[in-house]
Amino acid sequence: MPRCDHTAAWAQLRSYYEQKAQHFDARDALRTDSQRVAKLSQAAPHVFADLSKNHIDDSSQALLMQLARECGLQAQRDAMFNGAPINLTEKRAVQHTLLRQKQAPDQWNVAGEAIDNVANHAKWDEVRSVRAAMLAYAQQVREDRQITDVVNIGIGGSDLGPQMAVLALQEFATTGKRFHFVSNVDGHELAHTLKDLKPESTLFLIASKTFTTIETMTNARSAKAWFLAQGGTDTARHFAALTTNVTAAKDFGISTTFGFWDWVGGRYSLWSAIGLPIAIAIGAQGFEQMLSGAADMDAHFASAPLEQNLPVRLGLLDVWYRNFHGYGSRCVAPYHAALRRLPAYLQQLEMESNGKRVDKDGAALGYATSPVVWGEPGTNGQHAFFQMLHQGTEVIPLEFIAVKTPSHSLTPHHALLLANALAQAQALLQGQSDAGGHKHFPGNRPSSFFVLERLTPESFGALIALYEHRVFVSGAVWGINSFDQFGVELGKVLAKDIEARLASGDAQGLDASTAALLARLR
Ligand code: F6P
């Protein structure tokens with residue numbers, strides 16, 4: 001497969017950008033092409049997207065599709081679904097989609113031959129049996145009135161996904177239980193959480209793919225020490241582990257364990273046993289609906305033609321903006337308060353996956369990869385950083401996520417919320433050219449607008465799967481490994497060394513800045 005920058009489409013996109021696209025004005029395009037909205041609207045399962053305010057036209061769309069084809073996007077996608085070891089550096093398959101497939105592997109509707117149906121079948125059987133056990137346990141916890149507080153201890157993918165989902169789906173959550181998420185090694189977080197808890201009514205879930213992560217292990221040890229010090233006795237009832245390293249969990253003294261597998265990446269793990277807090281919150285049926293919504297999006301990604309494939313269109317738009325327009329960041333504004341942890345979740349999903357500087361062979365790239373992804377729910381963001389989006393010197397594509405029907409009856413609030421989402425997208429587009437100086441808005445600022453009918457487990461599952469696949473698409477075009485994360489390792493190693501130096505005061509061999517800060521912090 002040629003690298004993206006060696007394809008014909010890449011060169012054509014470059015010259016199309018220089019000659020024409022850099023002067024593109026979405027206002028004119030919307031005015032002159034009566035079909036534009038229809039052409040740039042894309043319905044996908046549970047999620048509708050209007051992309052018409054973006055800086056794309058028929059020619060750039062066609063060239064981007066050509067780029068995807070030249071980079072072998074479909075083959076790469078099928079390899080993922082089929083369980084090929086596409087995480088080459090770690091020699092692992094990438095099969096979070098298997099966690100939510102509705103049918104057995106040999107019935108998948110994925111183009112191409114399943115690579116190893118026997119292996120996929122064995123995985124599928126294991127997935128189903130762990131899920132059944134996990135959901136039965138979740139049901140038991142839901143019915144256990146003595147347990148009022150569930151504390152998830154985990155970080156990164158073992159925190160962000162379940163935390164975001166429990167918040168997003170709070171409307172569907174059982175009453176009578178509070179959910180806490182402790183991730184940071186900063187003791188303030190655990191101490192603050194434990195302050196109001198009692199051992200007899202608390203269930204700790206120790207969530208760690210590897211069961212070695214220093215933050216999680218430190219918090220888990222302190223939680224256990226607290227539990228025992230407060231007179232807790234039945235650790236089997238009050239601690240459960242969600243991990244691929246069941247042996248380490250048992251060594252830690254946890255007998256209730258739910259496993260998963262190395263072919264589920266940490267940031268793709270909310271569909272696995274890591275989703276236990278979600279299952280406790282919304283029940284087995286809700287959890288299965290979430291999986292089902294994601295599976296619907298998987299089927300769309302696997303089978304819709306590239307031109308009508310929402311994750312493909314979004315991933316290619318990301319490439320277009322990053323590599324040709326040079327936009328360095330993308331802002332996500334969910335106009336639904338319950339989606340307030342979505343931007344944080346997306347930061348790991350996108351930046352840990354695609355924040356890479358070498359291609360699959362380890363050769364340095366001559367082009368940019370992951371943008372900075374950031375955001376806040378609307379309308380809050382409007383009163384904070386939207387100023388910069390409207391009038392700053394940089395163009396930052398924005399993504400609105402609106403939910404048509406709310407889950408409350410405060411109708412005027414919702415009308416105002418939706419009006420604001422629409423108005424912001426409109427203001428970014430149209431600008432204000434009749435005013436000069438400080439009141440001038442340049443306009444023509446690109447945005448995408450996603451619509452969910454309602455925020456349900458199903459639509460939430462589909463939305464997250466959409467983002468997963470979009471990140472896959474841009475990573476596949478860039479020719480990088482979106483599934484490792486070696487960039488987090490160096491800091492971990494150095495922290496160990498510095499922890500010892502903080503105790504001893506030994507600054508030998510440190511750079512002058514670190515040595516001075518070490519002295520100050522001792
Ligand atoms: O340090 C990064 C990372 O490995 C993430 O990829 C992962 O989600 C997180 O740490 C937590 O890892 P674990 O689930 O193994 O504790």
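Residues numbered from 1 in each chain as written. Predicted model: local features only at pLDDT ≥ 70, side-chain atom pairs only at ≥ 80, totals over all residues. Heavy atoms only, no water.

A.B. asks: Looking at this structure, I do not really get the pattern of salt bridges. What am I missing?
C.D. replies: Oppositely charged side chains may form a pair once their charged atoms are brought near each other. For the coordinates displayed, the defined rule picks out 26 salt bridges. In this structure, Asp298 engages Arg100 in a salt bridge whose closest nitrogen and oxygen atoms are separated by 2.8 Å. A residue pair is termed long-range when its members are at least 10 positions apart, and Asp298 in helix α12 (residues 276-303) and Arg100 in the loop between α5 (73-82) and α6 (117-143) qualify at 198 residues. Each member of the pair, Asp298 as well as Arg100, carries the same accessibility label: buried. Each of Asp318, Arg330, Glu350, Glu399 and Arg470 takes part in one network of salt bridges that share partners. (Salt bridge = Lys/Arg side-chain N within 4 Å of Asp/Glu carboxyl O. Helix = DSSP H or I, 4+ residues; strand = E, 2+ residues; numbered from the N terminus. Buried < 20%, exposed > 50% of the residue type's maximum accessible area, 1.4 Å probe, protein only.)

A.B. asks: So what exactly am I meant to see when it comes to the sheet that holds strand β10 (residues 398-403) here?
C.D. replies: Two modes of strand pairing occur in sheets, parallel and antiparallel, and in both the strands are linked by backbone hydrogen bonds. If you trace the 6 strands from one edge of the open sheet to the other, you get β1-β2-β11-β10-β8-β9, paired in mixed fashion. Taken across any chain shown, the strands that pair with only one partner, and hence form the sheet edges, are β1 (41-44) and β9 (372-375). Recorded for the sheet is a direction-independent mean angle of 20° between the axes of neighbouring strands. Relative to strand β11 (residues 447-452), strand β2 (residues 47-50) runs antiparallel, the two sharing 3 bridges. Bridge pairing in β11 places Ala49 opposite Phe450. Across the face of the sheet, helix α13 (residues 310-325) comes into contact with β1, β2, β8 (329-335) and β11 while running at roughly 135° to β1. Helix α16 (residues 411-430) contacts β8, β10 and β11 of the sheet and is inclined by roughly 155° relative to β10. (Pairing = 2+ DSSP bridges. Axes fitted to C-alpha atoms, helices over the stretch in contact; angles between N-to-C directions. Contact = heavy atoms within 4.5 Å.)

A.B. asks: When you look at the environment of Ser409 in this model, what are you seeing that I'm missing?
C.D. replies: Tracing the backbone shows Ser409 in the loop between β10 and α16. Here Ser409 falls in the exposed class, since its relative accessible area comes to 66%. Taking C-alpha positions, Ser409 is 51 Å from Val358, a pair spaced 51 residues apart along the chain.

A.B. asks: I would appreciate a short explanation of the pairing of strand β5 (residues 202-207) in the present structure.
C.D. replies: On a regular strand, one side chain projects to one face of the sheet and the next to the other, so that they alternate. The element β5 is extensively covered by neighbouring structure, given that 6 of its 6 residues are classed as buried. Side-chain alternation along β5 places Thr202, Phe204 and Ile206 on one buried face and Leu203, Leu205 and Ala207 on a second face that is also buried. Examined bridge by bridge, strand β3 (residues 149-153) and β5 share 5 bridges and lie parallel to one another. Bridged to Val151 within β5 is Phe204. For β5 and strand β6 (residues 239-243), the ladder comprises 4 bridges, and the chain directions are parallel. In the sheet register, Phe204 faces β6, and the bridge partner there is Phe239.

A.B. asks: It is not clear to me how the site of the ligand should be interpreted in this structure. Could you clarify?
C.D. replies: Among the 13 residues in the neighbourhood of the ligand, the closest are listed as Ser158, Ser208, Lys209, Thr210 and Thr213. Residue Ser208 places a side-chain N or O atom 2.6 Å away from an oxygen atom belonging to the ligand. Lys492 is positioned with one of its side-chain polar atoms (N or O) 3.1 Å from an oxygen atom of the ligand. In isolation the ligand exposes 400 Å². Once the protein is present, 88% of that is buried. Split into classes, the residues belonging to the shell around the ligand amount to 2 nonpolar, 8 polar and 3 charged. (Near = heavy atom within 4 Å. Polar contact = N/O pair within 3.5 Å; in protein donor to acceptor, adjacent residues only side chain to side chain. Areas by Shrake-Rupley, 256 points an atom, 1.4 Å probe, with all protein chains shown as cover. Nonpolar A, V, L, I, M, F, W, Y, C, P; charged D, E, K, R; others polar.)

A.B. asks: Would you mind going over the sheet that holds strand β7 (residues 256-259) with me for this structure?
C.D. replies: Spatially, β4-β3-β5-β6-β7 is the arrangement adopted by the 5 strands of the open sheet, whose pairing is parallel. Unpaired on one side and paired on the other, β4 (178-182) and β7 mark the two borders of the sheet. Geometrically, the sheet is characterised by an average inter-axis angle of 20° between neighbouring strands, direction not taken into account. The pairing of β3 with β4 spans 5 bridges and is parallel. Residue pairing in the sheet places Ile153 in a bridge with Val182 of β4. The strands touched by α6 are β5, β6 and β7; relative to β7, the strand with the most contacts, the crossing angle is about 140°. Each of β3, β4, β5 and β6 is contacted by helix α9 (residues 214-229), which is oriented at about 160° to β5, the strand it contacts most.

A.B. asks: In this structure, what is going on with the domain arrangement of the protein chain? I would like to understand it.
C.D. replies: Frequently, the measure chosen for interface size is the accessible area that the parts lose on association. Under the domain assignment used here, the protein chain contains domain 1 (4-70 + 304-484), domain 2 (138-279) and domain 3 (490-521). Taking only C-alpha atoms into account, the centre of domain 1 sits 41 Å from that of domain 3. (Domains from an automatic or database assignment.)

A.B. asks: Help me understand the side chain of Asp57, please; the structure alone is not making it clear to me.
C.D. replies: Considering the arrangement of structural elements, one finds Asp57 in the loop between β2 and α4 (58-70). A distance of 2.4 Å separates the side chain of Asp57 from the side chain of Tyr16, its partner in a polar contact. Beyond its immediate stretch of four places on either side in the chain, Asp57 contacts Tyr16, Phe24 and Arg36.

A.B. asks: Would you mind going over α12 with me for this structure?
C.D. replies: Along an α-helix, a turn takes 3.6 residues, which lines up residues three or four apart on a common side. With 28 residues, α12 should cover 40 Å at 1.5 Å per step; its first-to-last C-alpha distance of 30 Å lies more than 12% under that length. Along α12, the sharpest kink reaches roughly 115°, centred on Gly283. For α12, the buried fraction is high: 21 of the 28 residues fall into the buried class. (Expected span 1.5 Å × (residues − 1). Bend = angle between axes of the 7 residues up to and from the residue.)

A.B. asks: Even after reading the chapter, I still don't get the packing of α13 against helix α17 (residues 457-478), so can you show me in this structure?
C.D. replies: Between two packed helices, what matters for the description is the angle formed by their axes and the separation of those axes. Running from amino to carboxyl end, α13 crosses α17 at an angle of 50°, the nearest separation of the two axes being 8 Å. The angle between α13 and α17 falls in the class oblique. Classified by chirality, the crossing of α17 by α13 is right-handed. On α17, the residues touching Leu310, Pro311, Val312, Leu314, Gly315, Leu316, Asp318, Val319, Arg322 and Asn323 of α13 are Leu466, His469, Arg470, Val473, Ser474, Val477 and Trp478. Grouping the amino acids of the contact of α13 with α17 by side-chain chemistry returns 10 nonpolar, 4 polar and 3 charged. (Parallel < 35°, antiparallel > 145°, perpendicular 65-115°, else oblique. Left-handed = near helix turned anticlockwise from the far one by under 90°.)

A.B. asks: Help me understand the packing of α5 against α12 in this model?
C.D. replies: At a minimum axis separation of 10 Å, α5 and α12 run at an interaxial angle of 140°. Taken together, the axes of α5 and α12 are oblique relative to one another. Between α5, through Arg77, Met80 and Phe81, and α12, the contact on the second element is made entirely by Asp298, Phe301, Ala302 and Ser303. The residue inventory of the contact of α5 with α12, partitioned by class, reads 4 nonpolar, 1 polar and 2 charged.

A.B. asks: Explanation requested: the nonpolar core in the structure shown.
C.D. replies: Soluble, globular proteins show a tendency: their nonpolar side chains are buried together. With 116 residues, the main nonpolar core has Leu67, Trp320, Leu342, Phe450 and Phe460 as its most contacted residues. When residues of this core are sorted by domain, at least three fall in each of domain 1 (4-70 + 304-484) and domain 2 (138-279). Apart from the residues within four sequence positions on either side, Trp320 is in contact with Leu13, Tyr16, Tyr17, Ala21, His55, Ile56, Ser60, Leu64 and His325. Within the second largest apolar cluster, 20 residues are counted, among which are Val182, Leu197, Phe211 and Trp226. (Core = buried A, V, L, I, M, F, W, Y, C linked by side-chain atoms within 4.5 Å.)

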